[in-house]
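Descriptive structure summary
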Amino acid sequence: MHRDSLAVPARFSAGTAAPSTPLPAGACDCHIHVYDSRFPSAAGARLLPPDASAQDYRALQQRVGTTRTVLVTPSTYGTDNRCMLAGLAALGADARGVAVIDGTESDAELQRLHGLGVRGVRLNLSLGVSGTVAALLPLAQRIAPLGWHLQLLMAPDLLLGQAALLRRLPVALVFDHFGRIAPSMAGSAAHGLLLDLLQRGQAWIKLSGGYIVSAQHSVEDPALDALAASYLRAAPQRVLWGSDWPHATASAGVQAMPDDARQIDRLADWMQLSGDRSALQHVLVDNPAALYGFGPLAAS
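Throughout, a residue's number is its position along its own chain's written sequence, starting from 1. Reporting in this predicted model follows two pLDDT cut-offs: at least 70 for local features of residues, and 80 or more for side-chain atom pairs to be given and counted; totals over whole chains, interfaces and linings ignore these cut-offs and use all residues. Hydrogen atoms and water are omitted, and side-chain values are computed over all heavy atoms in the structure.

Some details on the layout of surface pockets
Two kinds of site are reported from a 1 Å grid over the protein atoms alone, namely cavities, where a 1.4 Å probe fits but cannot get out, and pockets, open sets with protein on both sides within 12 Å along at least five of seven lines, and residues are called lining when an atom falls within 4 Å of a point. Grid points are joined across faces, edges and corners, and a volume is the space filled by probe spheres set on the points. Within this model, the largest pocket holds a volume of roughly 350 Å³. As for the largest pocket, its lining consists of 23 residues, of which Leu47, Leu127, His177, Ile212 and Thr249 are closest to the centre. Runs of E in the DSSP output that reach at least two residues are strands. Runs of H or I that reach at least four are helices, and both are numbered from the N terminus. Sorting the residues of the lining of the largest pocket by element identifies β4 (118–124), α8 (210–213) and α10 (248–251) as the ones contributing at least two each. We call Asp, Glu, Lys and Arg charged. Ala, Val, Leu, Ile, Met, Phe, Trp, Tyr, Cys and Pro are nonpolar, and the rest, Gly among them, are polar. Looking at the lining of the largest pocket residue by residue, the class counts come to nine nonpolar, 11 polar and three charged.

Topic: the confidence of the model for the protein
Overall, the prediction assigns the protein a mean pLDDT of 94, with 96% of residues at 70 or greater. In this model, residues 1–5 is a region of pLDDT below 50 whose contacts with residues beyond four sequence positions or in other chains number 17 contacts. For every residue, the pLDDT score states the predictor's confidence, bounded by 0 at the bottom and 100 at the top. Whether two residues are in contact is decided by their heavy atoms: any pair within 4.5 Å suffices.

Considerations on empty space enclosed by the protein
Enumeration over the complete set of coordinates arrives at one cavity of 30 Å³ or more. Considering only enclosed or pocket space, the largest cavity measures out at about 40 Å³ in volume. Taken together, Asp29, Tyr57, Leu60, Val64, Thr66, Trp241, Ser243, Asp260 and Ile264 make up the full set of residues lining the largest cavity. The element contributing the most residues to the lining of the largest cavity is helix α1 (residues 54–64), with three residues. When grouped by side-chain class, the residues that make up the lining of the largest cavity number five nonpolar, two polar and two charged.

Structure below.
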């Protein structure tokens with residue numbers, strides 16, 4: 001779809017044009033949040049964005065061409081997953097969820113979450129208001145019987161300090177936002193650890209939030225190119241993409257509101273650099289289906 005062929009405004013996304021990059025059927029945005037002021041924010045939450053609904057996100061899907069979605073409970077709500085679950089219900093069978101838990105939940109509660117579409121839990125050690133590094137092993141042991149993954153957001157020095165533990169956790173790991181590796185840290189020990197975990201099949205990486213790790217606070221930053229391509233070359237079957245809509249850091253004034261069509265086109269740029277022309281199908285369709293358990297695509 002050409003960028004000028006469709007003009008669809010969507011809240012919390014700059015621009016109105018479609019991506020220049022045509023997306024394969026079943027393309028998945030693996031990292032979004034929803035917000036609703038009917039649900040109270042957690043004490044100490046630092047990001048308090050305006051309401052952003054599943055219906056708002058539907059408009060973005062129409063514009064950029066994705067059909068599948070992964071909703072993640074944001075740091076704003078602590079361990080209260082009600083807002084995420086409401087979004088999950090609204091988006092239906094083409095959505096999956098990543099919850100935040102403290103590990104004391106009953107087996108019945110975890111089974112309930114699984115039945116609603118949850119397939120992992122997030123431990124946010126950067127902006128989170130619940131959970132500590134001490135929770136890594138207990139959470140992993142708690143969710144292993146469900147086949148869930150553990151999604152991590154943690155600073156590179158903390159990541160490196162937990163290398164031995166991360167290698168022996170009994171669940172798959174998912175690192176969002178480029179693994180919190182800034183382009184200037186490409187080639188560092190922390191970057192090397194992530195590449196090794198990917199190549200060993202122990203982890204997945206989300207090419208999401210490029211504007212968060214960029215020194216320019218922009219996905220257009222050319223310094224992101226080599227970093228993104230390093231993950232794609234290392235393990236294309238372990239790379240995911242996410243928009244990070246509705247871009248809570250932009251609402252907080254950290255950076256300008258991203259153009260999500262351009263985020264997709266930048267993903268295509270990184271794939272060209274990696275030399276794998278089939279990577280778009282892997283990253284947007286096959287890899288999310290494998291990790292989140294999406295069913296076969298419906299026949300046209």
